[in-house]
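# Residue-level structural notes
Next come the chains, spelled out residue by residue.
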Amino acid sequence: MTSTALRSRARKLLEMVTTPLLPSDYLDLVSPLRAGADLRGRIEAVHPETGDAATVVIRPGRGWRGHTAGQYVRIGVDVDGVRLWRAYSLTSPTDRQDGRVTITVKAIPDGKVSNHLVRRAKPGTLIQLDQPTGDFVLPQAKPAKVLYLTAGSGITPVMGMLRDTGFDDVVMVHCAPQPQDVIFRSELHDLVADKKLRLTEVHTDTDGMLDIARLDELVPDWAERETWACGPAGLLDAAEEHWSEHGVQERLHTERFRPSIVVAGDGGEVTFSTTGKTVDAGGATPLLDVGEEAGVLMPSGCRMGICFGCVTPLKAGAVRDLRTGEITEAEPGVLIQTCVSAAAGPCDIER
Amino acid sequence: MTAIDPTAHLTAEQIEELGRELDAIRDEVIADRGEKDAAYIRKVISAQRKLELVSRGVLLFSLFPPAWLIGTAGLSVAKIMDNMEIGHNILHGQWDWMRDPKIHSTTWEWDHVSPSEQWKHSHNELHHTYTNVIGKDNDLGYGIMRVDEDQRWHPFHLGQPLWNFINACFFEYGIAAYDLELGKNLHKRRRKNPEFRARARAVGRKIRKQVLKDYVIHPLLSGPSFLPTLAATFTANLVRNIWTHSVIMCGHFPEGVQVFERRSIKGETRGQWYLRQMMGSANISGSKAMHFMTGNLSHQIEHHLFPDLPSNRYAEVAVKVRALFEKYELEYVTGPLPKQVLSAWHKVFRLSLPNKKPKVKTPDREQELIAA
Ligand code: FES
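Residues numbered from 1 in each chain as written. Chains lettered and ligands numbered in written order. Predicted model: local features only at pLDDT ≥ 70, side-chain atom pairs only at ≥ 80, totals over all residues. Heavy atoms only, no water.

## A word on the overall build of chain B
Per the secondary structure count, chain B includes 16 helices and zero strands. Structurally, chain B occupies a C-alpha span of about 85 × 50 × 45 Å along its principal axes. Here chain B, with 372 residues, has 51% of them falling under the buried criterion. Of the contacts made within chain B by residues no fewer than 6 positions apart, 72% connect residues no fewer than 24 positions apart. (Helix = DSSP H or I, 4+ residues; strand = E, 2+ residues; numbered from the N terminus. Buried < 20%, exposed > 50% of the residue type's maximum accessible area, 1.4 Å probe, protein only. Contact = heavy atoms within 4.5 Å.)

So this is what it looks like as structure tokens:
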């Protein structure tokens with residue numbers, strides 16, 4: 001018998017011993033971060049960065065496969081007893097020796113998870129983790145000149161890159177309301193002092209929003225640079241337009257944090273056919289929220305339309321994409337992302 | 001349906017007001033539900049697992065009588081915890097709000113021969129919706145007993161104390177048969193129904209796994225302690241079955257609990273639904289440990305009013321609910337476990353016999369006497 005066959009026999013036998021639980025239910029009691037367990041992490045420290053941002057140091061479980069600079073990770077945190085999933089960029093370099101990783105979180109107004117992590121999370125707490133993902137990453141071949149264009153917490157994936165890979169010629173334009181709101185400010189200034197980075201801070205409270213046309217003046221050779229941009233939708237939309245106007249759109253890489261939500265009309269009666277629940281849903285409420293409020297166990301991840309951790313078959317009816325307004329109608333095999341879809345009339349979700 | 005309606009003094013407005021007051025109690029708990037509650041259920045689950053693990057470990061040496069005793073006692077308690085405070089309550093969705101897929105009514109499976117899925121249907125849907133409605137709520141007598149004077153007596157009922165005793169000993173099998181509606185489905189025509197057959201197969205699979213674990217695998221693991229371990233697991237299951245059966249009998253059987261007619265629930269309002277739950281359930285009084293070991297079903301009245309509130313909240317809710325019973329002059333049926341069990345058994349015996357003829361003199365007879 002091959003060793004895999006042997007192992008699966010052994011597992012079956014163990015399952016007979018522990019039925020109706022699984023052996024892992026018992027192992028989780030003593031070793032939740034072991035290899036083979038569902039991927040989890042333990043918060044080991046929380047360091048404040050600014051008044052409303054903090055870096056969370058996480059020891060990931062043994063199953064962690066490592067990340068590439070610029071990627072994000074989805075984490076499931078219990079806030080007031082309720083498990084909530086969010087995605088955060090990894091800010092630690094990929095070669096950190098102690099096996100820990102960091103995310104840096106900015107508390108957004110009314111943000112349940114971000115405020116919890118910045119202000120209340122305690123070392124020792126277990127969180128749920130997914131493998132890191134995302135294609136906002138540096139290329140294999142080193143570009144000669146690099147521009148990082150960031151605003152607010154959009155600096156976080158870029159910080160992961162800055163800490164990970166040094167380039168000969170790096171320029172960064174970063175926007176924040178005031179100097180004290182600049183996350184990682186002292187580290188950035190250290191890099192500047194070491195001549196590893198040229199930095200322009202735009203303080204929007206005094207300078208106003210960054211007008212993308214000012215780039216010519218701030219970074220005259222911007223069009224020659226491989227650019228990574230991350231920040232609010234307004235900035236990214238402007239950047240995309242600007243880059244394509246100058247015919248250099250392939251040099252621009254962007255990462256969007258939140259979907260800009262189009263307010264859709266309609267709504268309707270939503271049936272969760274597996275659980276047999278039926279509720280009325282508004283046309284602007286993501287079906288993920290509708291399901292969760294109704295007590296249906298909905299898979300989810302980033303909750304912003306990027307991870308596909310929430311895809312669920314649409315069995316009947318139609319839904320509207322909250323970002324684009326696009327209507328998707330039920331057909332065999334049609335999957336929808338419940339976090340960015342709302343009911344466009346009555347529909348049936350297989351959950 | 002009982003001769004005197006104990007709610008007759010309430011007006012329709014009062015009943016609706018009562019409903020609103022109960023809704024308010026529920027909203028308060030939900031608004032306050034959070035981290036502490038989540039920590040509670042996690043702690044209970046982890047304690048149960050550790051207790052079961054340790055007890056099974058001790059039973060490996062059950063050839064030695066002290067080990068047998070300790071292991072059996074521990075395993076009995078672990079099984080009761082799994083069944084009552086954990087399984088029953090999770091399957092009610094009391095902890096779904098945590099959004100933890102491991103502690104969710106759609107994923108939980110308990111150490112019981114009835115598959116969670118089937119139990120949820122017969123218990124959560126049928127029993128909790130039609131509480132104490134004769135002909136609708138089969139928890140009333142489980143289809144093998146007569147539980148109210150108004151039900152027709154049949155010679156079969158003479159045996160009901162015996163049926164009830166056997167049901168208590170093998171309660172988990174009774175529940176599985178009941179969830180399958182075995183009595184109804186064993187008719188020749190229904191037996192072939194594919195839906196029924198699929199459910200029966202699921203029960204078969206669950207029974208096989210449970211039996212294999214308790215009566216084959218664990219005894220085998222004990223080697224020379226094979227037989228004592230076998231006896232220990234059998235005893236633990238027996239203890240758990242009799243215990244849960246007793247607790248559950250106390251929920252709706254004791255004297256003073258009302259049953260209802262089918263037509264009485266037509267067009268029932270929210271207030272009336274609440275009132276039926278209040279009159280159709282009975283509590284068990286006792287210590288904290290007692291409430292814990294019953295899975296807080298000792299707060300059966302509160303559980304029936306709010307089946308999806310976390311069980312650790314029933315004790316505080318009970319104070320407010322009881323005040324409402326007083327305010328509306330209703331009887332809050334409660335008592336210590338022995339008294340309630342006895343009361344329920346007394347009813348089982350009493351109703352195994354046909355109704356006694358009413359002793360009161362008939363008016364005609366009185367007329368005759370006066371005339372004489
Ligand atoms: S939760 Fe990530 S795509 Fe919906």
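Don't stop here, the text continues.
## A look at the pattern of salt bridges
Per the stated rule, a full pass over the model turns up 52 salt bridges over all chains. A salt bridge links Arg 120 of chain A to Glu 35 of chain B, with the nearest nitrogen and oxygen atoms 3.0 Å apart. Linking Arg 120 of chain A in helix H3 (residues 112–120) with Glu 35 of chain B in helix H2 (residues 35–59), this pair reaches from one chain into another. Assessed through its relative accessible area of 39%, Arg 120 of chain A is described here as partly exposed. (Salt bridge = Lys/Arg side-chain N within 4 Å of Asp/Glu carboxyl O.)

## Here we look at the sheet that holds strand S11 (residues 252–256) of chain A
Residue and element names in this part refer to chain A. Judged by pairing direction, the sheet is parallel, and its five strands sit side by side in the order S9-S8-S7-S10-S11 without closing on themselves. Each edge of the open sheet is held by one strand with a lone partner, namely strand S9 (198–203) and S11. Averaged over all pairs of adjacent strands, the angle between their axes in this sheet comes to 10°, without regard to strand direction. Across seven bridges, the pairing between strand S7 (residues 145–151) and strand S8 (residues 169–176) is parallel. For Leu 147, the partnering residue across the bridge sits in S8 and is Val 171. Here helix H4 (residues 155–164) sits on the sheet and contacts S7, S8 and strand S10 (226–231); the angle it forms with S7, its principal contact strand, is near 150°. Lying over the sheet, helix H8 (residues 233–245) contacts S7, S10 and S11, oriented at roughly 160° with respect to S11. (Pairing = 2+ DSSP bridges. Axes fitted to C-alpha atoms, helices over the stretch in contact; angles between N-to-C directions.)

## With respect to the sheet that holds strand S2 (residues 53–60) of chain A
Strand pairing in a sheet relies on backbone hydrogen bonds, with the paired strands running either antiparallel or parallel. Residue and element names in this part refer to chain A. Spatial ordering of the open sheet is given by S4-S3-S6-S1-S2-S5, a layout of six strands whose pairing is antiparallel. Edge positions in the sheet fall to strand S4 (82–89) and strand S5 (101–106), since each of these pairs with one other strand and no more. Across the sheet, the axes of successive neighbouring strands diverge by a mean angle of 40°, strand direction being ignored. Against the sheet, H3 touches strand S1 (40–50), S2, strand S3 (72–79), S4 and S5, its axis set at about 85° to S3.

## Comments concerning the UniProt feature "domain: Fatty acid desaturase" (unreviewed entry) in chain B
Residues annotated by UniProt as "domain: Fatty acid desaturase" (unreviewed entry) correspond here to residues 67–334 of chain B. A distance of 38 Å separates the end C-alpha atoms of residues 67–334 of chain B, which is 59% helix and 0% strand. (UniProt positions renumbered as here; feature names shortened; annotations may be inferred.)

## Looking at the packing of aromatic side chains
All names here are of chain B. Enumeration over the complete set of coordinates arrives at eleven aromatic pairs over all chains. Considering the side-chain rings of Trp 95 and Trp 97, the 6.3 Å spacing of their centres and the 35° angle between planes classify their relative orientation as tilted. Measuring from centroid to centroid gives 6.3 Å for Trp 345 and Phe 349, while their planes differ by 45°, and the two rings are tilted. Remark: Phe 349 and Trp 345 occur in helix H15 (residues 337–350); sequence separation between them is four residues, near one turn of the helix. Connected via pairs of aromatic rings, a cluster forms that spans Tyr 40, Trp 95 and Trp 97. Taking the ring centre of Tyr 130 as reference, the NZ or CZ of Lys 136 above it sits at 4.5 Å. (Phe/Tyr/Trp six-rings, centres within 6.5 Å; stacked < 30°, edge-to-face > 60°. Lys NZ or Arg CZ within 6 Å of the ring centre and 35° of its normal.)

## Description of empty space enclosed by the protein
Empty space left among the atoms is revealed by rolling a probe the size of a water molecule over them. Residue and element names in this part refer to chain B. As enumerated under the stated definition, the model contains three cavities of 30 Å³ or more in all. If you trace the largest cavity, you find 28 residues lining it, with His 123, Asp 139, Tyr 142, Phe 171 and Ile 248 closest to the centre. Put simply, the parts of the chain that give the lining of the largest cavity at least two residues each are helix H3 (65–91), helix H4 (116–129), helix H6 (171–179), helix H10 (226–252) and helix H13 (300–305). The element contributing the most residues to the lining of the largest cavity is H10, with five residues. For the lining of the largest cavity, the class distribution of residues is 13 nonpolar, 13 polar and two charged. Space inside the second largest cavity adds up to approximately 40 Å³. When residues of the lining of the second largest cavity are traced back to their parent elements, those giving at least two are H6 and helix H9 (194–221). It is H9 that provides the largest number of residues to the lining of the second largest cavity, a total of four residues. Grouping the constituent residues of the lining of the second largest cavity by class yields four nonpolar, two polar and two charged. (1 Å grid on protein atoms, 1.4 Å probe; cavity = no way out; pocket = protein on both sides within 12 Å on 5 of 7 lines; lining within 4 Å. Points joined across faces, edges and corners; volume = space filled by probe spheres on them. Nonpolar A, V, L, I, M, F, W, Y, C, P; charged D, E, K, R; others polar.)

## Section: the environment of Leu 14 of chain A
On the secondary structure map, Leu 14 of chain A appears in helix H1 (residues 3–18). For the pair Leu 14 of chain A and Ser 24 of chain A, spaced ten residues apart in the sequence, the C-alpha separation amounts to 10.0 Å.

## A closer look at the packing of helix H1 (residues 12–32) of chain B against helix H11 (residues 270–279) of chain B
All names here are of chain B. It is at 8 Å that the axes of H1 and H11 come closest, and there the two elements cross at 75°. Here H11 runs roughly perpendicular to H1, going by the angle between their axes. Facing Ile 15, Glu 16, Leu 18, Gly 19, Leu 22, Asp 23 and Arg 26 of H1, the residues of H11 in contact are Arg 270, Gly 271, Gln 272, Tyr 274, Leu 275 and Met 278. Split by residue class, the contact of H1 with H11 holds six nonpolar, three polar and four charged. (Parallel < 35°, antiparallel > 145°, perpendicular 65-115°, else oblique.)

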